[in-house]
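Secondary and tertiary structure notes
Read off the chains here:
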Amino acid sequence: MARILITSALPYINGIKHLGNLVGSQLPADLYARYMRVRGHEVMFICATDEHGTPAEIAAAKAGQPVAEYCAEMYGVQAELARGFGLSFDHFGRSSSARNHALTQHFAKRLGEAGLIEQVSEKQVYSHTDGRFLPDRYIEGTCPNCGYERARGDQCENCTMQLTPLELIEPRSTISGATDLEVRETHHLHLRQSKLRDTLDQWIDSQRGWPVLTTSIAKKWLHDGDGLQDRGITRDLDWGVRVQFDGAPWGGMEGKVFYVWFDAPIEYIAATAEWADAHSKDEAAWRRWWRTDEGAEDVRYVQFMGKDNVPFHTLSFPATLIGSGEPWKMVDYIKSFNYLNYDGGQFSTSLGRGVFMDQALEILPGDYWRWWLLSHAPENSDAEFTWENFQASVNKDLADVLGNLVSRVTKFCRSKFGEAVPEGGATGPREAQLVENITRRLRAYETHMEAMEVRKSATELRALWVLGNEYLQEAAPWSSFKTDPEQAAAQIRLALNLIRFYAVISQPFIPAASARIMADLGCDDWSWPEDVAAALALLPAGHGFTVPEVLFAKISDDQRLDWESRFAGSR
RNA sequence: GGGCCUGUAGCUCAAUUGGUUAGAGCAGAGCGCUCAUAACGCUUUGGUUGGGGGUUCGAGUCCCUCCGGGCCUACCA
């Protein structure tokens, strides 16, 4: 039994996430967590909301709420949606927690003492109307190069020219449109990660088998131009972790908070501490996952994230951990994903284009989405959601191949033998062949799941379901029942066990459907089928069951067309 | 501009890292079955692997070039 620490990139607090966000981190992380648990490993699966930063403050202002209140409310919404999708976090924390405040300050202090933080004087744009400093991208104006009127303060989207807000002609705030902007001198702390460049470089070189996407992004940042640059880790905001605190090895940081990207990854650790608090456990309970000197040396730590998160997880966060000089557990494997597009374009929050988590659950149960998203996960390149493809996959894979199999077996049994596993008869060569075929595919499925090959796992799982239909067709118990009812009984006994077997192995993908099958079969033995023959004889003759309701309803053409137009966006 | 990823059947994807005749699912065609959610099974039609050139006994895979799609480029998170 191994100990596996799994973290999913933290969803940002300022609204409901779309399906692309879900499939890029939380969902595959959940798949892996569920699989590892059912294989008997000790799993700690952590996620949290990422609550600090300018966008949160602005979203709260828009909602007319104090930011703390807004975040608390949105946290509730996101936690509820996570439940709807069956995300099995051991803890879903908040980066605004007291635990994270304390840990973030702890790391900053250690880094400061190690000489890895320096104070830098910078010029920042302040908006009187908005009453805040504005990040570059919140400033808009006319591009000095091409004359484009909506160039952002960091780059002109029209001519790709790199800009600073000071270069814009007629700059204005994108929040309020205010033009009473002023350049102010302000002091910030920078993390001197350039000093750790070689260390980070060697650390990444020492990792084996990481996705190309992960290492290539990290290498780019390490070696491009002048190499790894230092980063500002503080901001002039109200909402966040205070930079000035007891024991802080620097002064003059009153009124400032840490940059959200500094405290967000630390929340992985803090959320584990929150988990311990929530379960009335002691400090050692969470530290054994994170401190290699306190029990974490045998932990395998896997992170899941979209490609946009890679630099922070391969460089900044490791720099924080290494720079602390303390034995914190470093990540062992980073599984990164490309983007999911929506019907020929990108998901767009502002245009209301695409399907968002709340809308998805209003339409269909979580399992439908889980299956499609995971079986089409953007592992090698960007993937695309289309309603036609979604409809085809759900109807064919879930309703026909799996759902109908459950239905035909249980209903046949009910009509010929009653609602209990029939007795009598014996299995023969055909059943032995089935066991052999299933075993071979099951081992392939296990290999892909271990390797986090999400799509390949889904393909293999579906192929396992198909074996059930093939067997039934060949055995044809509806025929054998007429000539040799005992043989039909043995065949159906096996088929009922096959359904239970499918519920167990499919659980990481479609947990709710699996749970319903198991409940209707009156079985709660979820143990993994190491021995397929034994697993297919688990439900004994005489064991009662009830015929399940339709497991997966088909998506009609009318529904598809309706949803297609509903989610096309406002334009 | 620079870097990285990507282009394989009508659609969505594979191809043991250079090795026989490029494979699956869906869609299409034909046959079978009648237990089942008009479901299932079997058979089958689809490919000059984006174009061109090169290396090699051998290229979807490596190199060059052109074309298309995408991402990143450090203050959005």
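Scroll up to find the structure this text is about.
**Considerations on the overall build of chain A**
Across its full length, chain A holds 19 helices and 16 strands. By the compact-globule yardstick of 25 Å for 571 residues, chain A fits well, its C-alpha radius of gyration being 27 Å. For chain A, the C-alpha atoms occupy an extent of roughly 90 × 55 × 40 Å along the three principal directions. Buried residues in chain A amount to 55% of all 571 residues.

**Digging into the sheet that holds strand β7 (residues 151-152)**
Within the open sheet, the 3 strands sit side by side as β7-β6-β8. Their pairing is antiparallel. At either end of the open sheet lies a strand with only one pairing partner, and these are β7 and β8 (169-173). Both strand β6 (residues 139-142) and β7 contribute to a ladder of 2 bridges, which runs antiparallel. What sits directly across from Gly141, in β7, is Ala151.

**Here we look at the packing of helix α1 (residues 19-38) against helix α11 (residues 366-375)**
Remark: α1 packs on α11, axes separated minimally by 10 Å, with the N-to-C direction vectors making an angle of 95°. As far as their axial angle goes, α11 and α1 are roughly perpendicular. From α1, Leu19, Leu22, Val23, Leu27, Pro28, Asp30, Leu31 and Arg34 reach across to α11, where they touch Trp369, Arg370, Leu373 and Leu374. Considering only residue class, the contact of α1 with α11 consists of 9 nonpolar, no polar and 3 charged.

**Some remarks on the sheet that holds strand β10 (residues 231-232)**
Taken in spatial order, the 4 strands line up as β5-β4-β9-β10 in an open sheet, and their pairing is antiparallel. Single-partner strands in this sheet number two, and they are β5 (132-133) and β10. As defined by bridge partners, strand β4 (residues 117-127) adjoins strand β9 (residues 181-191) across 11 bridges and the pair is classed as antiparallel. Looking at the pairing, Gln124 lines up with Arg184 of β9.

**A word on the pairing of strand β13 (residues 299-306)**
Most of β13 is tucked away, with 7 of its 8 residues classed as buried. Sheet analysis places strand β1 (residues 3-8) next to β13, joined by 6 bridges and oriented parallel. Bridging from a neighbouring strand, Arg3 pairs with Val299 of β13. Pairing between β13 and strand β14 (residues 333-337): 5 bridges, direction parallel. Of the residues in β14, the one forming a bridge with Gly306 is Phe337.

**What to know about the side chain of Asp236**
Relative to the elements of secondary structure, Asp236 occurs in the loop between β11 (234-235) and β12 (257-258). At a separation of 3.0 Å, a polar atom in the side chain of Asp236 contacts the side chain of His188. Other than its neighbours up to four places away in sequence, Asp236 contacts Phe133, Thr186, His188 and Lys256.

**A closer look at empty space enclosed by the protein**
To find leftover empty space, one rolls a probe the size of a water molecule over the atoms. Following the criterion strictly, the structure yields 4 cavities of 30 Å³ or more and no others. Reported here for the largest cavity is a volume of approximately 80 Å³. Contributing to the lining of the largest cavity are Leu191, Gln193, Arg231, Ile233, Tyr259, Trp261, Phe262, Pro265, Phe312, Ser316, Phe317 and Thr320. Going through the elements one at a time, α7 (260-278) and α9 (310-323) are the ones with two or more residues in the lining of the largest cavity. Among the elements that make up the lining of the largest cavity, the one with the highest residue count is α9 (4 residues). For the lining of the largest cavity, the class distribution of residues is 8 nonpolar, 3 polar and 1 charged. There is about 50 Å³ of room inside the second largest cavity. Contributing to the lining of the second largest cavity are Pro11, Lys17, Gln26, Gln78, Leu81, Ala82, Phe92 and Met357. The residue makeup of the lining of the second largest cavity, split by class, is 5 nonpolar, 2 polar and 1 charged.

**What to know about the protein's contact with RNA strand B**
Inspection of the region around RNA strand B gives 50 residues, with Arg137, Asn380, Asp382, Asn404 and Lys411 positioned closest. A share of 71% is what sugar and phosphate atoms reach among the atoms of RNA strand B within 4 Å of the protein. The backbone of Trp221 places a nitrogen or oxygen atom 3.3 Å from a base nitrogen of RNA strand B. At 3.3 Å, a backbone N or O of Gly227 approaches a base nitrogen of RNA strand B.

**Remarks on the packing of aromatic side chains**
In the structure shown here, the tally under the stated rule is 31 aromatic pairs. Note on Trp369 and Trp387: the rings are 6.1 Å apart at their centroids and 80° apart in plane angle, and the pair reads as edge-to-face. Taken together, the residues span a long stretch of sequence, with Trp369 in helix α11 and Trp387 in helix α12 (residues 387-416) at a distance of 18 residues. Each member of the pair, Trp369 together with Trp387, is buried. With 5.0 Å between their ring centres and 75° between their planes, Trp372 and Phe385 make a pair best called edge-to-face. You can see Trp372 sitting in helix α11 and its partner Phe385 sitting in strand β16 (residues 383-385), a full 13 residues away along the chain. Both residues of the pair, Trp372 and Phe385, belong to the buried class. A network of ring pairs unites the aromatic residues Tyr342, Phe347, Trp369, Trp372, Phe385, Trp387, Phe390, Trp563 and Phe567 as a single cluster. The cationic tip of Arg184 hangs over the ring face of Tyr126; the distance from NZ or CZ to the ring centre is 3.7 Å.

Reading the values: rules and limits
- Residues numbered from 1 in each chain as written.
- Chains lettered and ligands numbered in written order.
- Predicted model: local features only at pLDDT ≥ 70, side-chain atom pairs only at ≥ 80, totals over all residues.
- Heavy atoms only, no water.
- Helix = DSSP H or I, 4+ residues; strand = E, 2+ residues; numbered from the N terminus.
- Rg over C-alpha atoms; globule rule 2.2 N^0.38 Å.
- Buried < 20%, exposed > 50% of the residue type's maximum accessible area, 1.4 Å probe, protein only.
- Pairing = 2+ DSSP bridges.
- Axes fitted to C-alpha atoms, helices over the stretch in contact; angles between N-to-C directions.
- Parallel < 35°, antiparallel > 145°, perpendicular 65-115°, else oblique.
- Contact = heavy atoms within 4.5 Å.
- Nonpolar A, V, L, I, M, F, W, Y, C, P; charged D, E, K, R; others polar.
- Polar contact = N/O pair within 3.5 Å; in protein donor to acceptor, adjacent residues only side chain to side chain.
- 1 Å grid on protein atoms, 1.4 Å probe; cavity = no way out; pocket = protein on both sides within 12 Å on 5 of 7 lines; lining within 4 Å.
- Points joined across faces, edges and corners; volume = space filled by probe spheres on them.
- Near = heavy atom within 4 Å.
- Phe/Tyr/Trp six-rings, centres within 6.5 Å; stacked < 30°, edge-to-face > 60°.
- Lys NZ or Arg CZ within 6 Å of the ring centre and 35° of its normal.

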